[in-house]
Amino acid sequence: MKPDHGPWPIDHPTQCWPLHDRAATQAAEQAARALVDAPHALMARAGLAVARLALALAPHSQRVWVAAGPGNNGGDGLVAAAHLRRAGREVAVSLIGASAARPADARWALAQAQQAGVEIVEGDDASARCGAHADLVIDALLGIGASRPPEGGLAVCIGRINASGAPVLAVDIPSGLNADTGALWGSEAVRATATLSLLTLKPGTFTALGRDHAGANWLHTLGAAAGSPTAQLHVPPARGARLHATHKGSHGDVAVVAGAPGMTGAAWLAARAALTAGAGRVYVSLLDEGPLSVDPLHPELMARARWWLGTAALLSRHTVVCGCGGGSDVAQVLPPLLAHAARLVLDADALNALTHDTSLAQQLRQRTARGLPTVLTPHPQEAARLLGTTAAQVQNDRLAAAASLAESMQCAVLLKGSGSVIAAPGALPWINPTGNAALAGPGTGDVLAGWLAGRWAQEPDSPAQRVAAMAAWEHGRAADEFAGALHGQPLRASSLIEALARGLP
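Structure report, in brief. (Residues numbered from 1 in each chain as written. Predicted model: local features only at pLDDT ≥ 70, side-chain atom pairs only at ≥ 80, totals over all residues. Heavy atoms only, no water.)

Before going further, it helps to spend a moment on the pairing of strand β9 (residues 216-220). Along β9, 4 of the 5 residues are buried, which leaves the element largely enclosed by surrounding structure. Here strand β1 (residues 8-9) runs beside β9; their pairing, made up of 2 bridges, is antiparallel. The residue bridging P9 from the neighbouring strand is W218, located in β9. (Buried < 20%, exposed > 50% of the residue type's maximum accessible area, 1.4 Å probe, protein only. Helix = DSSP H or I, 4+ residues; strand = E, 2+ residues; numbered from the N terminus. Pairing = 2+ DSSP bridges.)

Note that S61 resides in the loop between α2 (41-57) and β3 (63-68). A distance of 2.8 Å separates a polar side-chain atom of S61 from the backbone oxygen of A58. Not counting the four nearest positions on each side in its chain, S61 is found in contact with R89, D135 and L136. (Polar contact = N/O pair within 3.5 Å; in protein donor to acceptor, adjacent residues only side chain to side chain. Contact = heavy atoms within 4.5 Å.)

With that out of the way, let us pick up the sheet that holds strand β18 (residues 421-423). Read across the open sheet, the 11 strands follow the order β2-β10-β19-β18-β17-β16-β15-β14-β11-β12-β13; overall the sheet is mixed. Sheet topology places β2 (17-19) and β13 (302-303) at the edges, where each strand pairs with a single neighbour. The sheet contact formed by strand β17 (residues 412-415) and β18 spans 3 bridges and is antiparallel. Across the sheet, V413 pairs through a bridge with A423, a residue of β18.

The strand order β1-β9-β8-β7-β6-β3-β4-β5 describes an open sheet built from 8 strands, whose pairing is mixed. Looking along the sheet, the strands with just one partner apiece sit at the ends: β1 and β5 (119-122). Note: strand β4 (residues 90-95) against β5, 4 bridges, orientation parallel. Looking across to β5, one finds that L95 is bridged to E122. On top of the sheet, helix α3 (residues 72-86) reaches β3, β4, β6 (136-140), β7 (168-171) and β8 (194-198); it is set at about 160 degrees to β4, its chief contact. (Axes fitted to C-alpha atoms, helices over the stretch in contact; angles between N-to-C directions.)

Scanning the entire structure with this criterion turns up 10 salt bridges. Its salt-bridge partner being D135, residue R63 comes within 3.3 Å of it at the nearest N-O pair. Residue R63 is located in strand β3, and its partner D135 is located in the loop between α5 (127-130) and β6; the two are separated by 72 residues in the primary sequence. The exposure class of R63 is partly exposed, given its relative accessible area of 35%. (Salt bridge = Lys/Arg side-chain N within 4 Å of Asp/Glu carboxyl O.)

The structure is reproduced here in structure tokens:
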């Protein structure tokens, strides 16, 4: 195999990567088989790639346990076992599943392992006899062809892999994980230390529960070319330096319309984020009817009473954030914003208002028809309300949910969560590779909405999907850098803004 076929590390990517679902990957596999003359050549390449990465990731491991299922994923593991045995490792294989159902490639792989002197234990209880004291586990139980919850010996083996305490290298996909969606087929899936994707990268390892189960992602193409992707792992281009001959009016104006009584902090957080992102001027118009206040830490922010009642010309010059801590009052301010705001970011209670008032949703669609772009930034529960479904169903297929919502509302959607999905009508969905659980705290979504608006104000002609993906990536990167420097400490939303500032060029 040529080195330019992989493996490549994918975590913290510096370039965009195409993602292919199960159907696209199987088509790529069939095309690759048609181009290979030697029988079993593709499986031979896959097994060698697995063995090489196993040795690279765990060079001092002496006892390797390979959990192999009845299909071609198990065959890849058996070929890897043969290579590792020849490399001097003590290798034991648990062979789970009916031997009669094993395809021709997998039968050939079994013969290769037997010829190499690999210890092979067959039967549903095989995992009980092979996994003890392993220094490394290779999960080759179930590949992308899985379509139902693991049962019997497969389910037992997955539990034993997770309980082993040893590092785990998953072949192509962690067993029990849906390669397309990142959801679990059943109640449990392998929690891998690393996953070596073969032929293509799968969307499910980058969103929903996939990030927790896949570990560090690697890709080996096996020398095959894939067709059109079904999604993209998105990395934005670097932001250039500002020209010297600019002023605050050169970098766009942002207005934050939010902050109902008791929730004004959300509005100020969004405004701070927009200012830190580089917007030239940021105005805050609170829905709280109390006295206008000032942010003592950022007196650069300008308060404006009932800004949304300004002229159409005024609204059409601004990038607007609406909804952060807005409560039910936000429904009253949405009509002029939907009608006139140059660019609109709708978050939190603004999304709930769209759910409760179908006329507002219709105004949003009409806004898009007039060429005025909008980004919705829902979390799964908010997306579920807009789609008329449940948060669990949204999480079960985040790519489909984001795409469906984008088509329904005719605007860009940034579906927040593990592996945020950025979708737009008729466009390839993007998955954001940055971020971590530190973002699961109060106010971080307000910061994202404000940061997005601040970035958009400076690039007013950028497509909504692109600027949303850029904002999500920078937001997540700041959280990653914070977590790396202060592991285990909580990330306050105000601290996130400062972390975002440190990431600016």
